[in-house]
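Commentary on secondary and tertiary structure
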Amino acid sequence: MPLVLGVIVAVVVIGVAAYALTMPSTPGTTTTTTTTGTATTTTTGTATTTTTQTTTTAAGEPIKIGCIFNLTGSNATYGYTSSAVVNVLKDKINAEGGIAGRPIELYIEDDESNASVGAEKFRKLVEFNDVDFILGTVWSATDVACAPIAKETNTIYWSYGSATTITSEGGNRYVFRMSTNVREECKAASTFAMEQIGTKWASIVADFSFGWSYEADFKTYIEEKGGEVLAQIRVPAGTADVLPYLVGKIPAEVEAVQLTLNLGLIMPGLTALNIVKPNIPKLGSCYILSGVDTTQLGDLGNNLYVITSYPQRLPGYETDANVEFRELLGVDEDGIDSNGRWMGLPYGWAVWESVWAMKEGIESSGWQSKADNPALIQALEGMEYQESLEHPQGDKILRAEDHQCFTTVYIEKLVDGKTSVFATVPMEDAIYTPTVDFTTEAFVG
Amino acid sequence: MICGKKTLLEIIVLIILALGIPILGTSIGGLVSLMSTALIYGVYAMGYDILYGFTHQTSYGHSLYFGLGAYGFLISVRSLNLGFFAALLVGIILVTIFAIAIGLFTVRLSESYFVITTIILVWIGYYLAMNMVNITGGDDGLSMTVPPISLGFIEFSIYDPLVSYFTFFIFFVISLVILKRLVSSHLGKLFIAIRTNPNRVEFLGYNLFYGKFIAYVVSAIFTGLAGALLAITFRYASASYFAINYSVLPIIFCVMGGAGTLWGGFLGAIIYLLFLYFVSASWTNYLIIFGIILIAIVKFAPKGILGTLKKKIKVD
Amino acid sequence: MLESLPFSFFNGLIWALIISIVALGLSIIFGTMRVVNVAHGELYATGAILGFIFAVDYNLNFWLSMALAVAVVGVMCAILEKIVYREYEGKVRTTLILSIGLALILQQVALIIFGGEVALMKAPVEGYILLMGQAFPIYRLVAAAMSICFLTAMWYFLFRTSVGLSIRATMQDRDMAAGLGINIDRISMLTFGIGGALAALGGVIASPIISVHYLMGADILTISFIVVIVGQLSLKGAIMAAFLFAPLENVLALFVQPIIARVISFVIMCIIVVIRQTNLVSRIRKERIK
């Protein structure tokens with residue numbers, strides 16, 4: 001036994017000594033592979049309609065895009081969409097000449113709706129698959145976990161979760177978010193809510209951090225605009241029997257209800273509300289109708305408004321960009337794909353647009369490998385986008401200070417069993433003061 | 001000091017881990033990270049094996065200590081600004097206190113009651129962790145900047161990949177050595193007696209409760225250590241560390257690799273991580289394979305991989 | 001707040017009934033085979049998912065879907081008992097591993113077949129009645145009535161038929177029952193089948209109230225376990241414990257946050273278990289006497 005100990009200690013001491021003597025001076029650097037490719041620089045400072053290079057087919061060292069999607073676990077329904085979107089995207093971009101003339105390769109991993117699995121996959125994608133940047137998940141926890149690792153490994157990471165912290169205290173210069181977050185949605189929705197629905201509110205949220213952040217931010221902005229939140233009701237996130245938590249909890253003066261429920265609670269929540277306060281106007285948080293067959297809702301959907309960053313259905317929103325986007329994805333006007341599966345377009349657009357944003361950034365900054373990330377990041381910071389096939393969701397900006405995208409927020413309403421765009425909240429009403437400034441953050445290596 | 005065949009084998013494996021992996025790692029990307037996580041899960045599995053393999057107590061709620069260890073470290077670093085070792089100590093002390101308090105009452109329970117009570121306890125821990133968002137970050141979790149490992153005269157940064165690997169390796173070795181000594185000590189013999197025939201232990205005048213209790217607390221401590229190490233490698237902890245799937249993992253590791261062998265859990269962890277790294281991408285429902293493996297192991301190789309090999313080779 | 005008390009309590013009773021059905025299944029499986037069936041939650045979910053598939057994809061009515069879903073799960077469990085669990089019954093440790101494996105497989109299969117989406121099962125009866133000044137969905141009363149019927153049927157089966165007697169005998173003393181000529185193999189298969197069927201039944205009954213999602217089994221599993229051990233592994237005890245737990249949690253949720261209500265309920269149940277199982281009270285008394 002002591003012999004074992006002795007040998008181990010000796011080995012470790014030798015190893016440590018050898019290492020210490022050869023240790024590089026700047027810890028935290030990773031080896032970067034410089035790739036040579038045909039880098040064509042197209043000058044696009046503020047991206048308008050991109051010029052598709054139909055003449056050149058993509059050649060040269062591929063650009064490897066890592067994807068960490070929620071393919072299993074509680075968020076499994078969103079991973080399906082992300083995966084479908086990114087594959088259509090790859091085919092289109094490659095057919096049109098790739099990014100900077102280089103073809104793109106996808107490496108898709110599952111985070112199992114679990115943050116530490118997501119973080120493990122992040123490292124795997126960077127170290128084993130050698131990816132150039134990573135598209136992230138809708139599961140905020142994975143985004144929070146991956147953010148510091150993104151910086152450590154000099155890998156740009158695109159988040160699609162909605163926890164506000166990802167583009168504030170929990171974020172850093174290597175994390176970008178091409179989707180709306182809770183604070184943005186609440187701020188935008190509060191304008192609409194106060195002007196068009198009512199001034200006395202009750203808030204009903206699922207009892208976990210997503211729900212609480214909506215509860216807090218909604219109250220802040222409603223009160224800022226002179227309204228009142230008379231009750232804040234929480235419903236357990238696991239059990240889905242919502243009724244007992246609502247009975248007797250909503251004061252009579254309440255004019256409307258703000259709803260933030262996770263997937264499993266949506267139907268029971270609407271059912272319960274229909275019993276307790278039938279026909280009361282309801283403002284649902286982003287994508288609250290994810291995966292729900294709205295034609296089955298009947299009375300449950302009376303006066304139901306849904307905040308969304310992108311309308312699920314086409315009618316009323318038939319811009320050229322949208323029509324083409326949805327055609328490429330192969331979805332019908334309700335957002336159902338050819339397999340009959342529901343496509344989460346309110347998140348799918350973010351995956352689509354972030355890759356186009358990277359393309360614009362890469363081509364305008366002359367990026368060739370991760371060593372050029374500083375130039376790319378600076379190109380992305382403050383980039384503006386206009387509605388186009390590449391950005392079908394609409395005009396938007398990618399704010400420099402916190403890397404958060406700000407855009408139009410849509411309010412859908414349920415009419416005759418289907419959602420349609422009822423109102424749009426302009427970008428200016430969604431913008432809040434940034435709490436961080438990543439532009440002052442130093443780059444890694 | 002004559003080295004048995006088994007000890008020689010162990011030394012060889014440790015040398016491969018210490019030197020071979022980092023060297024291979026320079027040409028195979030991701031290998032070092034995979035093995036780092038394997039070493040951490042190895043510590044978890046070894047700790048759990050003391051309870052499961054050596055005293056036949058099946059806890060289905062050990063992720064309670066996993067989460068406590070992780071948060072003990074994370075909160076010490078974030079809010080109390082403690083150094084690396086101090087934070088680690090806090091995590092371990094926290095786990096020890098809870099393990100003693102809980103163990104005093106639960107270890108006495110009979111087998112099935114014990115299993116179910118540990119399930120209830122871990123769910124309580126999970127719900128509380130989800131609820132105390134200001135402290136734990138809830139299910140979104142919290143990130144941290146890991147303080148450097150300061151040994152007085154020299155400082156190492158965990159952000160260096162090799163430092164990271166060796167840190168986890170050293171903790172693995174320390175855990176292995178401590179647990180091996182425990183197992184071969186007088187107390188360890190008591191453990192084995194408990195698993196062989198608990199009734200006779202009492203007839204022989206030994207304190208059954210004492211043995212089981214010590215095993216419980218020891219296993220909780222190493223579980224907490226593993227939790228802290230996982231928080232270190234991901235610079236992150238969330239309420240998900242308390243979730244039931246982290247309770248099931250060590251059971252899977254130990255059963256696959258071989259319960260009661262200490263090394264078995266490490267092997268089980270490596271197999272799991274290989275699946276996670278290479279199978280998950282092509283087949284996201286890879287967990288079905290683990291379900292089938294578990295049933296197959298019970299039926300055909302109940303001693304797990306190492307257990308069956310041990311029997312075949314008959315080493316000491 | 002307090003005006004809702006009768007309503008919450010009443011709603012808790014309804015849940016107690018549904019939990020009783022699931023816990024009963026868990027209890028008889030444990031009683032006869034010493035299997036801590038951690039796959040029980042997945043059986044509940046599988047029942048709900050199958051019920052949904054029969055109702056929506058095959059357009060069968062609710063009752064037929066329920067019957068089919070329960071039958072499928074029951075038969076599947078009976079077969080599983082024979083080919084997977086048979087030789088290991090009586091050993092808690094070993095069968096736990098088998099159940100873990102089963103749970104993993106069932107969960108992933110559910111994901112493959114049903115996907116990650118959530119869906120609402122249409123209730124066979126719609127509409128509300130006014131109860132204690134509050135609109136109450138009629139289906140919940142139907143669910144309660146169904147549950148009472150099934151629990152009564154189970155009572156009759158277990159306590160008034162010879163097969164039920166054999167099952168109870170096996171639960172009490174497996175070896176003695178075998179010695180008395182009871183066909184343990186057949187009883188085991190039947191018990192596992194019925195136990196699984198009960199879990200599936202609970203899932204289908206609950207599905208119009210809560211949604212159908214492939215991970216829906218997680219909550220009910222823990223609650224069923226709590227109820228089974230507070231009931232000290234007896235059938236009547238499990239039902240009584242269910243009636244303690246569900247109303248308790250529902251009522252507590254009126255006053256504190258729902259998660260805290262659940263935690264408090266769990267803690268109370270835990271304390272009850274520990275005190276009873278470790279004979280804490282008598283041991284403290286003995287210390288005092290010394």
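In this text, all values refer to a predicted model and were calculated from it rather than measured experimentally.

In this assembly, 32 residues from chain A lie in contact with 34 residues from chain C. Both faces considered, chain A and chain C share a buried interface measuring about 2700 Å² in area, 57% of it formed by carbon and sulfur atoms. Taken as a group, Asp241, Val247 and Ile275 of chain A account for 20% of the area that chain A buries against chain C, more than any other trio of residues on that side. Applying the counting rule to chain A against chain C returns one salt bridge. With a shortest N-O distance of 2.6 Å, Asp241 of chain A and Arg140 of chain C are connected by a salt bridge. One can count eight residue pairs in polar contact (both at pLDDT 80 or more) joining chain A with chain C. Every element with two or more residues in the side of chain A that touches chain C is listed here: helix H2 (76–95), strand E7 (228–235), helix H7 (243–246) and helix H8 (266–276) of chain A. No other element matches H8 of chain A, which puts six residues into the side of chain A that touches chain C.

For helix H1 (residues 5–33) of chain C, which comprises 29 residues, the first-to-last C-alpha distance of 40 Å matches the rise-based estimate of 42 Å (1.5 Å per residue) to within 8%. One or two residues past the end of H1 of chain C sits Arg34 of chain C, with phi positive at roughly 55 degrees.

This part covers the interface of chain B and chain C. In this complex, chain B contributes 37 residues to the contact, which on the side of chain C involves 44 residues. The residue Glu87 of chain C makes a salt bridge to Lys299 of chain B at a minimum N-O spacing of 3.4 Å. Across the chain B-chain C interface, the total number found is 11 residue pairs in polar contact (both at pLDDT 80 or more). When its residues are assigned to classes, the side of chain B that touches chain C shows 26 nonpolar, eight polar and three charged.

Residue and element names in this part refer to chain C. The alternating pattern of strand E2 (residues 134–137) places Gln134 and Phe136 and Ala135 and Pro137 on opposite faces, both of which are buried. Sheet topology places strand E1 (residues 128–131) next to E2; four bridges connect them, and they run antiparallel. By the bridge assignment for E2, Ile129 is matched with Phe136.

So, on to the packing of aromatic side chains. Applying the stated criterion across every chain, the model contains 52 aromatic pairs over all chains. Arranged with centres 5.1 Å apart and planes meeting at 70 degrees, the rings of Phe128 of chain A and Phe278 of chain B form a pair that is edge-to-face. Residue Phe128 of chain A is located in the loop between helix H3 (115–127) and strand E3 (133–135), and its partner Phe278 of chain B is located in helix H12 (residues 263–279); the two belong to separate chains. The class of Phe128 of chain A is partly exposed, set by a relative accessible area of 37%. With a relative accessible area of 38%, Phe278 of chain B lands in the partly exposed category. Taking the centre distance of 6.4 Å and the plane angle of 20 degrees together, the rings of Trp155 of chain C and Phe159 of chain C count as stacked. Placement of both Trp155 of chain C and Phe159 of chain C in helix H5 (residues 138–160) is noted, with a separation of four residues, approximately one turn of the helix. A relative accessible area of 35% places Phe159 of chain C in the partly exposed class. Taken together through their ring pairs, the aromatic side chains of Tyr310, Tyr317, Phe325, Trp352, Trp356 and Tyr410 of chain A make up a single cluster. Lying across the ring of Tyr432 of chain A, Arg399 of chain A places its NZ or CZ 5.3 Å from the centre. Here the guanidinium or amino end of Arg93 of chain C rests over the ring plane of Tyr52 of chain B, the centre of that ring lying 4.2 Å away.

Residues and elements named next belong to chain A. One pass over the structure, following the stated rule, counts zero disulfides over all chains. Here Cys67 stays free of any disulfide, with the sulfur of Cys146 as its closest cysteine sulfur at 13 Å. Cys67 gets classed as buried once you look at its relative accessible area, which sits at 0%.

Right, let's get into the sheet that holds strand E11 (residues 384–385) of chain A. Residues and elements named next belong to chain A. Read from one edge of the open sheet, three strands run E11-E12-E13, paired in antiparallel fashion. The open sheet has two edge strands, E11 and strand E13 (405–407), and neither has a second partner. Pairing between strand E12 (residues 396–398) and E13: three bridges, direction antiparallel. Looking across to E13, one finds that Leu398 is bridged to Cys405.

What follows concerns a positive patch on the surface. Taken together, the side chains of Lys303, Lys310, Lys311 and Lys312 of chain B make up a positively charged region of the molecular surface. As for its position among the elements, Lys312 of chain B is in helix H14 (residues 304–313).

Let us look at the environment of Ala95 of chain A. Secondary-structure assignment places Ala95 of chain A in helix H2. In this structure, the C-alpha to C-alpha distance between Ala95 of chain A and Ser179 of chain A, residues 84 residues apart in sequence, is 26 Å.

Before going further, it helps to examine the pattern of salt bridges. Side chains bearing opposite charge may pair, as long as their charged atoms lie close to each other. By the definition in use, this model includes 24 salt bridges over all chains. Note that Lys396 of chain A and Glu353 of chain A form a salt bridge whose closest N and O atoms lie 2.6 Å from each other. In this pair, Lys396 of chain A sits in strand E12 while Glu353 of chain A sits in helix H10 (residues 345–365), placing the two residues 43 residues apart along the sequence. Residue classification places Glu353 of chain A among the buried positions, given a relative accessible area of 0%. One salt bridge connects Arg174 of chain C with Glu89 of chain C, and the closest N-O pair in it is separated by 2.7 Å. Here Glu89 of chain C lies in the loop between helix H3 (62–85) and helix H4 (92–114) and Arg174 of chain C lies in helix H7 (residues 174–179), a separation of 85 residues in the sequence. Exposure remark for Arg174 of chain C: the relative accessible area of 23% places this residue in the partly exposed category. Judged by its relative accessible area of 10%, Glu89 of chain C falls in the buried class. Connected through salt bridges with shared partners, the residues Arg313, Glu333, Asp334 and Lys418 of chain A form a single ionic network.

A separate point is the confidence of the model for chain B. Residues and elements named next belong to chain B. Across chain B, pLDDT averages 91, with 98% of residues at or above 70. Model confidence for chain B, summarised as mean pLDDT per element, is weakest for H14 at 83 and strongest for helix H3 (residues 63–78) at 96. Note on the complex model: pTM 0.89, ipTM 0.91.

Positive phi values are uncommon outside glycine, yet Asn279 of chain A reaches one of about 65 degrees. Positionally, Asn279 of chain A belongs in the loop between H8 and strand E9 (282–284). Unusually for a residue other than glycine, Arg34 of chain C sits at a positive phi of about 55 degrees. Take Arg34 of chain C: it is sitting in the loop between H1 and helix H2 (40–56).

The next point concerns the pairing of strand E4 (residues 156–159) of chain A. All names here are of chain A. What you see with E4 is no split at all: Ile156 and Trp158 on one side and Tyr157 and Ser159 on the other are buried throughout. Pairing between E3 and E4: three bridges, direction parallel. Paired with Phe133 across the strands is Ile156, a residue of E4. The β-α-β motif built from E3, the intervening helix H4 (residues 140–152) and the parallel element E4 has right-handed crossover chirality. Looking at chain direction, E4 and strand E5 (residues 175–177) are connected through three bridges and run parallel. Of the residues in E5, the one forming a bridge with Tyr157 is Val175.

To continue, consider a negative patch on the surface. Residues and elements named next belong to chain A. On the surface, a cluster of negative charge is made up of Asp320, Glu324, Glu327, Glu387 and Asp395. Looking at where Asp320 falls in the secondary structure, it is placed in helix H9 (residues 320–329). Asp320 gets classed as exposed once you look at its relative accessible area, which sits at 68%.

Cut-offs and rules
Every chain begins its residue count from 1, and numbering advances along the sequence as written. Whichever chain is written first is A, and whichever ligand is written first is 1; the rest continue in order. Whole-chain, interface and lining totals are the exception, using all residues; otherwise, since this is a predicted model, local features are given only for residues with pLDDT of at least 70 and side-chain atom pairs are given and counted only at 80 or more. Hydrogens and waters are ignored; side-chain quantities use all the structure's heavy atoms. Here a residue-residue contact requires only that any non-hydrogen atoms of the pair lie within 4.5 Å. Here the quantity called buried area is the accessible surface, traced with a 1.4 Å probe, that two parts lose on coming together, added over both. Salt bridges are identified by distance alone: a Lys or Arg side-chain nitrogen within 4 Å of an Asp or Glu carboxyl oxygen. Counting of polar contacts relies on pairs of N or O atoms within 3.5 Å, with two restrictions inside protein: one atom must be capable of donating a hydrogen and the other of accepting it, and residues adjacent in sequence are counted only when both atoms are side-chain atoms. Secondary structure counts use DSSP, requiring at least four H or I residues in a row for a helix and at least two E residues in a row for a strand, with both numbered from the N terminus. Helix span, expected: 1.5 Å multiplied by one less than the number of residues in the helix. By the convention adopted, Pro, Cys, Tyr, Trp, Phe, Met, Ile, Leu, Val and Ala count as nonpolar, Lys, Arg, Asp and Glu as charged, and the other residues, Gly among them, as polar. The buried label goes to any residue with under 20% of its type's maximum accessible area, the exposed label to any with over 50%, and the partly exposed label to all in between, with areas taken from a 1.4 Å probe on protein chains only. A pair of strands is considered paired only if DSSP assigns at least 2 bridges between the two. Any two rings among Phe, Tyr and Trp, with Trp reduced to its six-membered ring, count as a pair given centres within 6.5 Å; such a pair is stacked if its planes are under 30 degrees apart, edge-to-face if over 60, and tilted if neither. Should the NZ of a Lys or the CZ of an Arg lie within 6 Å of a ring centre and within 35 degrees of the ring normal, that charge is described as sitting over the ring. Only a pair of cysteine sulfur atoms within 2.5 Å qualifies as a disulfide here. Each patch is built from residues that are more than 30% exposed by relative accessible area and take part in no salt bridge. Like charges join if they lie within 9 Å; nonpolar side chains (Val, Leu, Ile, Met, Phe, Trp, Tyr) join within 5 Å. Surface accessibility in these figures is a Shrake-Rupley result with a 1.4 Å probe; residues are shielded only by whichever protein chains are displayed. We count Lys and Arg on the positive side and Asp and Glu on the negative side, and we leave His and both chain ends out. Think of each charge as sitting on NZ of Lys, CZ of Arg, CG of Asp or CD of Glu. A score from 0 to 100, pLDDT tells how confident the predictor is in each residue. A clockwise path from the first strand over the helix to the second, with the strands pointing away from the viewer, defines a right-handed crossover.

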